[in-house]
Amino acid sequence: LAPILVSFSILLKCLATDRQPGFALAGFLTALSGLMRFTSLITVFVFPLYLVWPRKRWKSAGLFAMGVALGFGPYLLWSRFKYGSLFFTLQEARRNVGGSIEPWSFYIHNFGTIFPWLSLAGVGLWVVAWLLYGSDTPTRGAAQSAPSQGSGEIVPRAASDLILVWWVLIVLTYC
């Protein structure tokens with residue numbers, strides 16, 4: 001979890017300050033988190049969304065991908081020479097964590113265990129804030145976060161929230 005948090009904080013800091021080398025470092029740390037825990041590989045696909053949507057920062061996304069490649073490269077080469085396939089160990093990890101298949105009602109029956117009251121309160125507050133303020137927050141003025149007329153751009157806050165929603169849905173689908 002620590003490399004994920006550090007990587008995400010570096011990514012957000014680089015988005016705010018536009019420090020290009022930091023994107024490669026964030027990608028490298030994201031790769032390390034994926035190597036340390038198989039289920040953390042999802043971050044390799046989620047974090048770049050902050051770069052390409054809605055910001056369209058392709059150079060930054062390329063640097064992030066380069067950092068991921070530098071992190072995974074030696075491991076994939078080792079896997080190729082040791083087992084004869086680049087992705088052998090990743091495929092085996094997928095088989096090992098597969099486990100039993102739960103019924104469709106698993107999340108309903110275990111809702112209180114999976115989602116404690118504090119998480120539900122946070123989601124509830126987010127929904128209330130979204131309904132009251134839309135994509136604006138009380139701390140940001142409408143002029144700062146409003147999309148330009150007719151440009152088709154998505155408000156950055158709304159795009160960020162959608163990325164987080166997709167992340168939650170991917171995790172729930174994966175589990």
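Every value quoted in this text rests on a predicted model; they were computed, and no experiment measured them. (Residues numbered from 1 in each chain as written. Predicted model: local features only at pLDDT ≥ 70, side-chain atom pairs only at ≥ 80, totals over all residues. Heavy atoms only, no water.)

Quick look at the overall build of the protein chain
Put simply, the test is: Only DSSP runs of H or I with at least four residues qualify as helices, and only runs of E with at least two residues qualify as strands; both kinds are numbered from the N terminus onward. Each residue's exposure class comes from its accessible area (1.4 Å probe, protein chains only) as a fraction of the maximum for that residue type: buried when under 20%, exposed when over 50%, partly exposed otherwise. In this description, contact between two residues means that some pair of their heavy atoms is separated by no more than 4.5 Å. All accessible-area figures derive from a Shrake-Rupley calculation using a 1.4 Å probe, and residue coverage is judged against the displayed protein chains alone.
Counting its regular elements, the protein chain contains 11 helices and zero strands. Secondary structure elements of the protein chain occur, N-terminal to C-terminal, as α-α-α-α-α-α-α-α-α-α-α. Looking at the protein chain residue by residue over its 175 residues, the buried ones come to 30%. Across the protein chain, every contact between residues at least 6 apart in sequence was considered, and the portion connecting residues at least 24 apart equals 61%. For the protein chain, the exposed area adds up to about 11700 Å²; of that, 69% sits on carbon and sulfur atoms.

Overview of the side chain of S79
Here S79 is to be found in helix α5 (residues 58-83). Residue S79 is classed as buried on the basis of its relative accessible area of 0%. Among all residues touching S79, those that are not within four sequence positions of it are G84, S85, L86, F87, F88 and T89.

Topic: the environment of Y83
Take Y83: it is sitting in helix α5. In this structure Y83 comes out as partly exposed when scored by relative accessible area, which is 38%. Residue contacts for Y83: discarding those within four places in its chain leaves W78, F88 and T89.

Considerations on the nonpolar core
The condition that has to hold: Take the buried Ala, Val, Leu, Ile, Met, Phe, Trp, Tyr and Cys residues and link them wherever side-chain atoms come within 4.5 Å; each set so joined is a nonpolar core.
Counting 23 residues, the largest nonpolar core has L11, F23, F47, L51, F64, V68 and F72 as the members making the most contacts within it. Listed by contribution, the elements that provide at least two residues to this core are α1 (2-17), α2 (20-36), α4 (49-52), α5 and α6 (88-97). No other element matches the six residues that α1 contributes to this core. Not counting the four nearest positions on each side in its chain, L11 is found in contact with F23, A26, F47, Y50, L51 and F64.

Here we look at the side chain of S40
Counting through the fold element by element, S40 comes out in the loop between α2 and α3 (42-46). Taking relative accessible area as the criterion, S40 reaches 9% and is therefore assigned buried. Not counting residues within four places of it along the chain, the set of residues in contact with S40 comprises I4, S33 and G34.

Comments concerning the packing of α1 against α2
The condition is simple: Each axis is a line fitted through C-alpha atoms, and for a helix only the stretch in contact is used; angles between axes span 0 to 180 degrees, taken between their N-to-C directions. In these notes the angle categories are as follows: under 35 degrees is roughly parallel, over 145 is roughly antiparallel, 65 to 115 is roughly perpendicular, and the rest is oblique. Left-handed describes a crossing whose near helix is turned anticlockwise from the far helix by less than a right angle; the clockwise case is right-handed. Side-chain classes are defined by residue name, with Ala, Val, Leu, Ile, Met, Phe, Trp, Tyr, Cys and Pro counting as nonpolar, Asp, Glu, Lys and Arg as charged, and the others, Gly among them, as polar.
For the pair α1 and α2, the least separation of the axes is 8 Å and the interaxial angle reads 160 degrees. The angle between α1 and α2 places the two elements in the roughly antiparallel class. The interaxial crossing formed by α1 with α2 has left-handed handedness. Contact residues: α1 offers P3, I4, V6, S7, I10, L11, C14 and L15, while α2 offers G22, F23, L25, A26, L29, T30, S33 and M36. Broken down by class, the residue content of the contact of α1 with α2 amounts to 12 nonpolar, four polar and no charged.

Concerning the packing of α2 against α5
At a minimum axis distance of 7 Å, the contact between α2 and α5 shows a crossing angle of 40 degrees. Crossing of α2 over α5 shows right-handed handedness. Here Q20, F23, A24, A26, G27, F28, T30, A31 and L35 of α2 lie close against α5, whose contacting residues are K59, S60, L63, F64, M66, G67, V68, L70, G71, F72 and Y75. By residue class, the composition of the contact of α2 with α5 is 13 nonpolar, six polar and one charged.

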